[in-house]
Amino acid sequence: MEQESVHTRDIGVVHRAKKGELQSGDDYLIHDLGEKLFVAVIDGLGHGPKAHEAAVTIKSVFKEQIEKGNLALPMLFDLAHKRAAATRGGVVGAALVDYTRKRISFLGVGNIAMKCVGKNGNESPLSVDGIVGYTMDRKKLQDLPFEEGQVLIMHSDGVSERYGTAFVRANSSLPMQKLVQKIVDGFGRADRDDVTFLAIKL
Ligand SMILES: [Mn+2]
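Residues numbered from 1 in each chain as written. Predicted model: local features only at pLDDT ≥ 70, side-chain atom pairs only at ≥ 80, totals over all residues.

K.L.:
Account for the overall build of the protein chain, with residues named and values stated.
P.N.:
Counting its secondary structure elements, the protein chain contains four helices and 10 strands. If you list the helices and strands of the protein chain from N to C, you get β-β-β-α-α-β-β-β-β-β-β-α-α-β. Compactness check: the protein chain gives a C-alpha radius of gyration of 16 Å against a globular reference of 17 Å for 202 residues, within 12% of the reference. When the backbone C-alpha atoms are referred to their principal axes, the protein chain occupies close to 40 × 40 × 25 Å. Looking at the protein chain as a whole, 43% of its 202 residues are labelled buried. At a minimum sequence separation of 6, the contacts of the protein chain that also span at least 24 residues come to 67%. (Helix = DSSP H or I, 4+ residues; strand = E, 2+ residues; numbered from the N terminus. Rg over C-alpha atoms; globule rule 2.2 N^0.38 Å. Buried ≥ 20, exposed ≤ 12 C-beta atoms within 10 Å, placed from the backbone. Contact = placed C-beta atoms within 7 Å.)

K.L.:
Can you explain the packing of helix H1 (residues 49-67) against helix H2 (residues 73-83)? Please cite residues and give values.
P.N.:
The contact between H1 and H2 brings their axes to 9 Å, and the two run at 140°. Classed by the angle they form, the pair H1 and H2 counts as oblique. In the crossing of H1 with H2, the sense of the turn from one axis to the other is right-handed. For the pair H1 and H2, the contacting residues are Thr57, Ile58, Val61, Phe62 and Gln65 in the first and Leu76, Leu79, Ala80 and Arg83 in the second. (Axes fitted to C-alpha atoms, helices over the stretch in contact; angles between N-to-C directions. Parallel < 35°, antiparallel > 145°, perpendicular 65-115°, else oblique. Left-handed = near helix turned anticlockwise from the far one by under 90°.)

K.L.:
Could you give an account of the environment of Asp185, naming the residues involved and the relevant values?
P.N.:
Within the secondary structure layout, Asp185 lies in helix H4 (residues 176-187). As a C-alpha pair, Asp185 and Ile131 span 54 residues in sequence and 28 Å in three-dimensional space.

K.L.:
Explain the sheet that holds strand S3 (residues 36-44) to me, using residue names and the numbers behind them.
P.N.:
In spatial order, the strands read S2-S3-S4-S5-S8; together these five strands make up an open sheet with antiparallel pairing. Across the chains shown, the open sheet's two edge strands, defined by having one partner strand only, are strand S2 (26-32) and strand S8 (142-145). When the angles between neighbouring strand axes are averaged without regard to direction, this sheet yields 15°. Sheet analysis places strand S5 (residues 103-109) next to S8, joined by four bridges and oriented antiparallel. Along S8, the bridge assignment pairs Arg103 with Pro145. Where H1 meets the sheet, its contacts fall on S2, S3 and strand S4 (90-98), and the angle it forms with S3 comes to roughly 160°. Packed onto the sheet, H2 meets S4 and S5 and runs at close to 25° relative to S5. (Pairing = 2+ DSSP bridges.)

K.L.:
Account for the environment of Ser24, naming residues and giving values.
P.N.:
Here Ser24 is to be found in the loop between strand S1 (10-16) and S2. Contact partners of Ser24, with chain neighbours within four places excluded, come to His15, Arg16, Ala17, His52 and Asp194.

K.L.:
Go over unusual backbone geometry, please, and point to the residues and values.
P.N.:
Of note in this structure, Lys102 is not a glycine but carries a positive phi near 55°. You can see Lys102 is positioned in the loop between S4 and S5.

K.L.:
Can you tell me about the sheet that holds strand S6 (residues 113-118), naming the residues and giving the values?
P.N.:
If you trace the five strands from one edge of the open sheet to the other, you get S1-S10-S9-S6-S7, paired in antiparallel fashion. Edge positions in the sheet fall to S1 and strand S7 (121-123), since each has one partner strand and no second. Each neighbouring strand pair of the sheet contributes to a mean axis angle of 15°, computed without reference to strand direction. Of the strand pairs in this sheet, S6 and S7 are connected by three bridges, and their pairing is antiparallel.

K.L.:
Tell me about H2, and please be specific about residues and values.
P.N.:
For the α-helix, the turn length of 3.6 residues means that residues three or four positions removed from each other point alike. Along H2, the positions that sit buried rather than exposed are Leu73, Leu76, Phe77, Ala80 and His81. Taken end-on, H2 shows its buried residues confined to a sector of 135°, consistent with a single buried face. Residues of H2 that are exposed and point over 90 degrees away from its buried face: Pro74 and Met75. Looking at the buried side of H2, the elements it contacts are H1, S4 and S5. (Arc of directions from axis to C-beta.)

The following block contains the structure:
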C-alpha cells in the first residue's frame with residue numbers, strides 16, 4: 001500500500017544562547033516521521049556549559065529512542081529522567097503530532113510554554129512542576145485535536161509570554177520563520193536567558 005509520506009512543513013526556529021555565553025543551555029529537537037512529527041524544547045537549569053550538558057543529554061535520549069521507533073512520551077521522559085540524573089536536569093516540553101488522527105499528544109515537565117493557536121480558539125496544554133533529571137514526581141499526558149492551519153508554538157522562558165496568542169493568530173499567514181523572528185525580536189530576553197522558540201504550521 002502506498003502512503004504519502006512527504007510533507008512540506010512550515011517550521012520557524014530561533015535558538016540563541018544568552019548574551020555572553022558560548023553555549024546555549026536550551027536545546028530542541030524536531031524529528032519528522034512522515035505521518036508524525038516529534039517536537040521538543042528543553043531548558044537546562046541555569047545557563048552556560050552545565051545547562052548545555054543537561055539539555056543535550058535529554059535531547060540525545062529522545063533522539064535515540066525516536067530513531068528506534070519508541071514514540072511514547074511518558075517513556076521518553078522516564079528514560080531522559082534517568083539519564084539526566086548525573087546532570088543539573090532541565091525543564092522539557094514535548095509534542096507528538098499525528099497528522100493521520102489530527103491529534104497532538106503533549107507532555108510537559110516544568111515551564112516550557114506550549115500552545116496550539118487557531119482561528120476558533122487556543123489550546124494550552126498544562127505542564128506539571130518538576131525538573132527532568134532531578135525531580136519528576138508525575139507526568140500528565142494530554143491528547144488534543146487540531147485543525148489544519150493552526151500554529152503549534154513551543155518555547156523556553158527566554159521569551160516572555162506577553163506576545164499573546166492574539167498576535168500569533170493575527171500573523172499566522174506569515175511564513176513561520178518570520179513569525180518567530182517577530183516574536184523573539186519583541187519579546188526575547190537573550191540579555192538574561194537562552195532563547196528557543198519554535199512555531200509549526202499544522
Ligand atoms: Mn530559561
